[in-house]
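What the coordinates show
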Amino acid sequence: TSATEVIAGFSKNFFPATSYNLPLTAFFIVHLLAIYTAPVVMLAAGLAWPLPLLQLLLAAYVRLAIAGRCRMPWWHSLLQPVTAALAAFIGFNSIRWAYSSTGPRWKGRSYATNRR
């Protein structure tokens, strides 16, 4: 019902979805930031504009194709850098929860981690 609950719910599942594989999870987070978020920052800072622009256009094209196939609004592709940054945050949060003493928390409950 809120952004906080969405973040908590996905944080509970993000790291476990990779079987608590830290290198794989870290790679995925770096991928999200490098492919979708860093180009926006680089363009805003006026750094090396042709490559980040091409990167964003290719990502938008893929996202548009997915949106068309899944009958989603086209403008969702414009939000891809924001959703990637949010997903990276959720990934970091999921890792933090897995290594905390209480484990993941969701809807007022704490869950034990099965981290190896």
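Everything discussed here concerns the structure shown above.
All of the points below concern the structure found in this document. (Residues numbered from 1 in each chain as written. Predicted model: local features only at pLDDT ≥ 70, side-chain atom pairs only at ≥ 80, totals over all residues. Heavy atoms only, no water.)

Another aspect to go through is unusual backbone geometry. Located in the positive-phi region is Y20, a residue other than glycine, with phi close to 60°. Of note, Y20 is situated in the loop between α1 (3–14) and α2 (22–45). Backbone geometry at R71 places phi at a positive 55°, although glycine is not the residue there. Tracing the sequence through the fold places R71 in the loop between α3 (50–69) and α4 (80–99). (Helix = DSSP H or I, 4+ residues; strand = E, 2+ residues; numbered from the N terminus.)

Summarising the element assignment, S77 is placed in the loop between α3 and α4. Polar side-chain contacts of S77 include one of 2.8 Å to the backbone oxygen of W74. Discounting residues that sit within four places of it in the chain, S77 has contacts with A60, R63 and L64. (Polar contact = N/O pair within 3.5 Å; in protein donor to acceptor, adjacent residues only side chain to side chain. Contact = heavy atoms within 4.5 Å.)

As a further point, take the layout of surface pockets. Approximately 160 Å³ is the volume attributed to the largest pocket. Together, Y36, L56, L57, A59, A60, Y61, S77, L78, Q80 and P81 line the largest pocket. Within the residue set of the lining of the largest pocket, elements represented by two or more residues are α3 and α4. With 5 residues, the single largest contributor to the lining of the largest pocket is α3. Each residue belonging to the lining of the largest pocket can be placed in one class, and the counts come to 8 nonpolar, 2 polar and no charged. (1 Å grid on protein atoms, 1.4 Å probe; cavity = no way out; pocket = protein on both sides within 12 Å on 5 of 7 lines; lining within 4 Å. Points joined across faces, edges and corners; volume = space filled by probe spheres on them. Nonpolar A, V, L, I, M, F, W, Y, C, P; charged D, E, K, R; others polar.)

Right, let's get into the nonpolar core. Core analysis: the largest hydrophobic core is formed by 8 residues, namely F14, F15, Y20, I29, A88, I90, I95 and A98. Here this core gets 4 residues from one element, more than from any other, and that element is α4. In contact with I29, not counting residues within four places along its chain, are F14, A88, G91, F92 and I95. (Core = buried A, V, L, I, M, F, W, Y, C linked by side-chain atoms within 4.5 Å. Buried < 20%, exposed > 50% of the residue type's maximum accessible area, 1.4 Å probe, protein only.)

For the coordinates displayed, the defined rule picks out 3 aromatic pairs. Geometrically, the ring pair formed by F15 and Y20 is edge-to-face, given 5.2 Å between the ring centres and 80° between the ring planes. For the pair F15 and Y20, one class covers both residues: buried. Here F15 and Y99 contribute two aromatic rings whose centre-to-centre distance is 6.1 Å and whose plane-to-plane angle is 35°, an arrangement assigned as tilted. Residue F15 is located in the loop between α1 and α2, and its partner Y99 is located in helix α4; the two are separated by 84 residues in the primary sequence. Taking the relative accessible area as the measure of exposure, Y99 reaches 43% and is therefore partly exposed. Within the aromatic cluster, the residues linked to one another by ring pairs are F15, Y20 and Y99. (Phe/Tyr/Trp six-rings, centres within 6.5 Å; stacked < 30°, edge-to-face > 60°.)

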